[in-house]
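This is what each chain is made of:
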Amino acid sequence: MSLVEIKGLKVSFRQHGGEVEAVRGVDISLRDGESLGIVGESGSGKSVTCLALMRLLANTASITADKLELSGIDVLKANNRKMASIRGSSAAMIFQDPATAFDPVFTIGHQMAETIQTHRGLSKKVAMAEAEQLLLKVEIKNAKDVLGYYPHQLSGGMLQRAMIAMALSCRPKVLIADEPTTALDVTIQAQILQLIKGLQAEMGMALIMITHDLGVIAETVDRVVVMYGGRVMEEGLVEDIFDNPKHSYTQSLLASLRAGETRRIEPVASEPVAPALELKNLAKVYKLKRRGRIFSTYTDFSAVRGVHLVLPRNKIVGLVGESGSGKSTTGMMAMRLLEPTTGRIVVDGTDVSDLGIEALKPYRKSMQVIFQDSYSALDPMMTLSQIIAEPLDIHQMGTSRERTEKALGWLERVGLDRNFGTRYPHELSGGQRQRVAIARALILEPKVLVADEPTSALDVTVKAQIIGLLKDLQTQMGLSMLFISHDLSVVRSLTDTVVVMYKGRVVEQAPTGAIFANPRHPYTRALLDAIPVTNPRHRRHRTFLQQADIDKATPHYVVAELPGHAQARPEPQLVAVAPGHLVEAVVTR
Amino acid sequence: MIVYLIKRLLSIALTFFIVSLVVFLMMHAVPGGPFDGNDMPVSAEVRAKLMARLGLDQPLWVQYVSYMSGVLQGNWGVPYQSPGETVISLLRQAWIPSLILGGSGVIIGAILGILIGMAAALKRNSWIDYLASALSVLGLTIPVFVISMMLILIFAVWLGWLPASGWGKPERWILPIAAYAAIPLATYARYTRSAMLDTLNRPFVTALRAKGLSERRIIFQHVLRNSAIPMVTVFLPMFIGTATGSIFVEAMFRIPGLGSYFVSSIENRDYPLEMALVLMVTIGICFAYLISDIAYAWLNPRIRLGDDT
């Protein structure tokens, strides 16, 4: 008997305009101990399918199915009490964003114990002890302390571990993981995936992994269901899907995944001219207020510590690092959208670091930015043609008619239809909005473009299109681009040079080929190692570095080993280990 | 925390002095004096003597300084209306009916309001929800004296179930309590409904359901606790606010509480009583907000543990 049996599942939602069909006839089955991946982009119905299986959809949903069974119980017919008793014990769920999946006003321990008590009728004390054991199992070392923590006191990765521990607490037959790593950094993602895989094998439970990321699928599951538009497009063993995708949608998904593997042709070294953008010793210090018992004390928090960065003309430099590494702060300071504490910003040979608002205005034309969240970056009350033409208004370029005409021209240039000009941002998809943001940034024909994670909120196939568009426009317009991202596969396909940031410092900088072939700094290695595989046959066990390990593994050199002018210093410094390849290392005599 | 408290207390002290000054000046700016009334006419000579004895012939700033220095020593003066008592002893008696009726009104109103708001949020867009919205709009828009009159009309005049006014037997308390309860009930129904809906839409509620918790536990423990945080903070200020509500309610129901003194002290230019009433309400409101803010911080672990992260 199957553990999960879904036949002919249809889900639709009642909305103002009528019914919206989210799932249109899906068949899925899962045996005990099996691991199944459901892959598809947002709106494909993958999450709705699983929520329907748990009967967790809102009242506005109407569900019909020929068969919808979870461990032998008919989900459509079971009463509420029965449903509550199988949730958590037959099937447990973990969610995309652990920060919002915990109740903020109760401690982790309370929330874990209450789950255990609900299903197993243990006393609070026994349940707490068990919760502690579970936290240890998910490799949380200070489990006893964590029990007393509130959710906001833990990092995303730790919270997701606690979520997993809570899900495991009643020994579920199947674990449903809904995009469990999308909100996490790459290195954390790899750790969480390995943890889930290991626990699944150890406890012999089944796994449903819902994701938009084929890399995650390749890492974790045996069998894959590909969904699109509420239907199953293709189903099969993970190797077969990767080797021999039958459906065109699967093929395009795989193509966008593998785009990162093909290398760009390295252009020949260019003549020495003033770089498009140069950052000299840029630093940002925030004052953090700590409320003490009597007096508030202020501590300095260095988000960015003395970053040097050169963006040559016509090149794309990738700035990578995990969240909190200071990469976005650096990007925003480079655009003078955030005031640096110290350091200089040189755009096209002119030092713009001290210019006032008025004096800076002409230079703003040559420095533009694209943000991660295209929705909040576009004024919802303006039409697309107004949005795209606004930079021209600000710099008083051309007549009103010319501006609109130019804006419409740009709409076409970024691959949208001219008659989109009268639409509003909310009428567009995420990818279309990002195209509008690109048009708005490029209409002034800037020299420097800072793209701050422009694709991280997009689906895989859309992501590939946007990257393609940026690449084309960069070549056409001779743009110099600072591309900020945590997505290494994108960085690999797009950039000429990669700068790796870690805790506010640049720890390695090299031509893209060199950094992927020969990473020198331990953090870079950890970052590269964490990239999900693109072929399920290449799965491997990974070891993860703690901060202490990274400090310990920082390269050591003696002066004689290094070319150039390296000098012995006690603190780590950036040294050249090959032409154009800098790494942070400790240099001794 | 201590710094915060000191800052808040200093700002309360400042508020106290500003209010006292403004009210003092306004009070004296109103034409007429305490002995100009027609029901007990006094001769000009007697009036001048009385004024001199009460210090009312002094320049205004001298009067203010001497009054405030008295207040700071705990001497709130003697009411002109009944010279045999002090302001404090007068208010101590008057306080009791207001406290009993206002207090139970707010508590009952808040409890009913929370229940109605919860029902409205859980049965969204049902008749309960619409009824709750209608109730809260009515409660917030109809003036309290109109509500009082309607209550008297329906329950005392038409139905004859309850006495229309007076003080003493508990059945006389029911209608004024109901009148006092109207505003808290309406406010709480609205607050609770929107806070609950807000919480119910948060992802952690789905996560709690996915853990297999009973709906009752989810609503009463998790959702209510999360929604309670903003609700706790409006309670005390509303409680103190009944002091001014008492002006109308007690007049309608003829209750010998604080409310009548608000009116009579102004009518009779009874300066010490008027000042005392205004300043006590001021202090009450200030401390109510202070305590609410502390309660808010304590209930919300994000703020309470702010120095740990």
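Please refer to the structure higher up on the page.
Residues numbered from 1 in each chain as written. Chains lettered and ligands numbered in written order. Predicted model: local features only at pLDDT ≥ 70, side-chain atom pairs only at ≥ 80, totals over all residues.

1. Considerations on the overall build of chain A
Here is the rule we go by: Numbered from the N terminus, helices here are DSSP runs of H or I no shorter than four residues, and strands are runs of E no shorter than two. Taken over C-alpha atoms, the radius of gyration is set against a globule rule of 2.2 Å times the number of residues to the power 0.38. Note on burial: count the other C-beta atoms lying within 10 Å of the residue's C-beta; 20 or more is buried, 12 or fewer is exposed, in between is partly exposed, and C-beta positions come from the backbone. Residue pairs qualify as contacts under a 7 Å threshold applied to their C-beta atoms, which are placed from the backbone.
Per the secondary structure count, chain A includes 22 helices and 24 strands. In terms of C-alpha radius of gyration, chain A reaches 26 Å, essentially the compact-globule figure of 25 Å for 589 residues. Taken along its principal axes, the extent of the C-alpha atoms in chain A is 70 × 65 × 55 Å. For chain A, with 589 residues in total, the buried portion stands at 48%. Within chain A, contacts between residues at least 6 apart in sequence are counted, and of these 67% link residues at least 24 apart.

2. Regarding the environment of A218 of chain A
All names here are of chain A. In this fold, A218 is placed in helix α9 (residues 214-220). A218 sits in the buried class, given 24 other C-beta atoms within 10 Å. Considered as a pair, A218 and V533 are 315 residues apart in the sequence and their alpha carbons are 6.3 Å apart. For A218, the residues in contact, after removing those within four places along its chain, are V238, F242, P532, V533, T534, N535 and P536.

3. Remarks on the sheet that holds strand β11 (residues 231-237) of chain A
Residue and element names in this part refer to chain A. Quick reminder of the rule: Here, any two strands with at least 2 DSSP bridges between them count as paired. Fitted lines through C-alpha atoms give the axes, limited to the stretch in contact for helices. The angle between two N-to-C directions lies from 0 to 180 degrees.
The strand order across the open sheet built from six strands is β7-β8-β9-β3-β10-β11, with neighbouring strands paired in mixed fashion. Two strands in the sheet have a free side with no partner beyond their single neighbour: β7 (91-94) and β11. This sheet shows a mean twist of 15° between the axes of neighbouring strands, independent of strand direction. Across five bridges, the pairing between strand β3 (residues 35-39) and strand β9 (residues 206-211) is parallel. Pairing of L36 across the sheet is with I208, part of β9.

4. Brief notes about the packing of helix α4 (residues 87-122) of chain B against helix α7 (residues 174-200) of chain B
Inclusion rule: For any helix crossing, the convention is left-handed if the near helix is rotated counterclockwise from the far helix by under a right angle, and right-handed if that rotation is clockwise.
Following both chains from N to C, one finds α4 of chain B and α7 of chain B inclined at 35°, their axes separated by 6 Å at the closest point. Of the two possible hands of crossing, α4 of chain B and α7 of chain B adopt the one that is right-handed.

5. Focus on the packing of helix α6 (residues 144-158) of chain B against helix α9 (residues 215-253) of chain B
Packed helices, taken two at a time, are described by the angle between their axes plus the distance between the axes. All names here are of chain B. Selection rule: An angle below 35 degrees is read as roughly parallel, one above 145 as roughly antiparallel, one from 65 to 115 as roughly perpendicular, and any other as oblique. Under the grouping applied here, Gly and all other residues not named as nonpolar or charged are polar, the nonpolar ones being Ala, Val, Leu, Ile, Met, Phe, Trp, Tyr, Cys and Pro and the charged ones Asp, Glu, Lys and Arg.
Orientation of α6 relative to α9, taken along the N-to-C sense of each, is 25°, at an axis distance of 9 Å. For the element pair α6 / α9, the angle class is roughly parallel. Here α6 runs over α9; the crossing is right-handed. For the pair α6 and α9, contact is made by V144, F145, S148, M149 and I152 and by G245, F248, V249, M252 and F253, respectively. Of the residues belonging to the contact of α6 with α9, the class tally is eight nonpolar, two polar and no charged.

These figures capture arrangement, not role.
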